[in-house]
Amino acid sequence: MSIDVKRHGAVGDGLADDTAAIRSAIAACGQTGGGRVVVPPGIYVSGTLRLLEGVTLHLEVGAELREAEREGFELLTIRPGVEKRHFIIADGVNHIGITGGGTIRGQGASESPGLDTQRRGFRTGLIYLRRCRGVRISDIRILHGDSWTC
């Protein structure tokens, strides 16, 4: 099964907040037992995205998934006493992936990435996978992580 994020309301213009639409597409895909969530060409601005069992996020050539500049990020406990924000999360799910010829772009392009309190005041990791099996990450570009990349 393939689900296009635009059918869930994503705009992909680089300005609109596409977080809710992409999350909705991932949830719909997960509820049907998994498949591909397709991100067609465009620039999609988003906060934290959580992959579900059996879901592959497929970024087509010309698609860019861009980390939002606002605080729309889920705080994840890494270990007792350590919490961190990440862009794409998968925890305890299997048979997942991030594929395609597209790009994942963080906010680390400034001289002091993520630390400019006028912008965000925190740093995010781009991809955080924990306790997952059957993971495939292929053919994507990852640019400007302002903390751990993957």
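Procedures and definitions
Residues numbered from 1 in each chain as written. Predicted model: local features only at pLDDT ≥ 70, side-chain atom pairs only at ≥ 80, totals over all residues. Heavy atoms only, no water. Helix = DSSP H or I, 4+ residues; strand = E, 2+ residues; numbered from the N terminus. Buried < 20%, exposed > 50% of the residue type's maximum accessible area, 1.4 Å probe, protein only. Contact = heavy atoms within 4.5 Å. Areas by Shrake-Rupley, 256 points an atom, 1.4 Å probe, with all protein chains shown as cover. Expected span 1.5 Å × (residues − 1). Salt bridge = Lys/Arg side-chain N within 4 Å of Asp/Glu carboxyl O. Core = buried A, V, L, I, M, F, W, Y, C linked by side-chain atoms within 4.5 Å. Pairing = 2+ DSSP bridges.

**Q** Residue-level account of the overall build of the chain, with values.
**A** The secondary structure content of the chain amounts to one helix and 14 strands. With 150 residues in all, the chain has 49% of them scored as buried. Counted over contacts in the chain with a minimum sequence separation of 6, partners at least 24 positions apart contribute 64%. Surface summary for the chain: the accessible area is close to 7400 Å², and the carbon and sulfur share equals 48%.

**Q** Report on helix α1 (residues 19-31), specifying residues and quantitative values.
**A** With 13 residues, α1 extends 18 Å from end C-alpha to end C-alpha; this agrees with the ideal 18 Å at 1.5 Å per step. Those residues of α1 that fall on the buried side of the exposure criterion are T19, A21, I22, A25, I26, A28 and C29. G33, located one to two residues past α1, shows a positive phi value of around 95°.

**Q** If you had to explain the pattern of salt bridges to someone new, which residues and values would you point to?
**A** For the structure shown, the criterion picks out four salt bridges. As a salt-bridge pair, E64 and R66 come within 2.6 Å of each other at their nearest N and O atoms. The exposure class of R66 is partly exposed, given its relative accessible area of 25%. The salt bridge partner of R131 is D91, with a shortest N-O separation of 2.8 Å. Taken together, the residues R131 in the loop between β12 (124-130) and β13 (133-137) and D91 in strand β9 (residues 82-91) connect sequence positions 40 residues apart.

**Q** Can you tell me about the nonpolar core, naming the residues and giving the values?
**A** Judged by nonpolar contacts, the single largest core of 30 residues is most densely connected at L51, L65 and I88. For this core, the secondary-structure elements that each account for two or more residues are α1, β3 (35-39), β6 (55-59), β7 (63-67), β9, β10 (94-100) and β12. With six residues, α1 is the largest single contributor of residues to this core. Ignoring sequence-local partners within four residues, the contact set of L51 consists of I26, L57, I88, I89, A90, V93, I96, G97 and I98.

**Q** Break down the pairing of β6 for me, with residues and values.
**A** Counting buried positions along β6 gives five out of five residues, so the element sits mostly inside the fold. Neither face of β6 is open: one carries V55, L57 and L59, the other T56 and H58, and all of them are buried. In the sheet, β3 pairs with β6 via five bridges, with the strands oriented parallel. By the bridge assignment, G35 is partnered in β6 with V55. Bridge count for β6 against β10 is four bridges, and the pairing is parallel. Bridging from a neighbouring strand, L57 pairs with I98 of β10.

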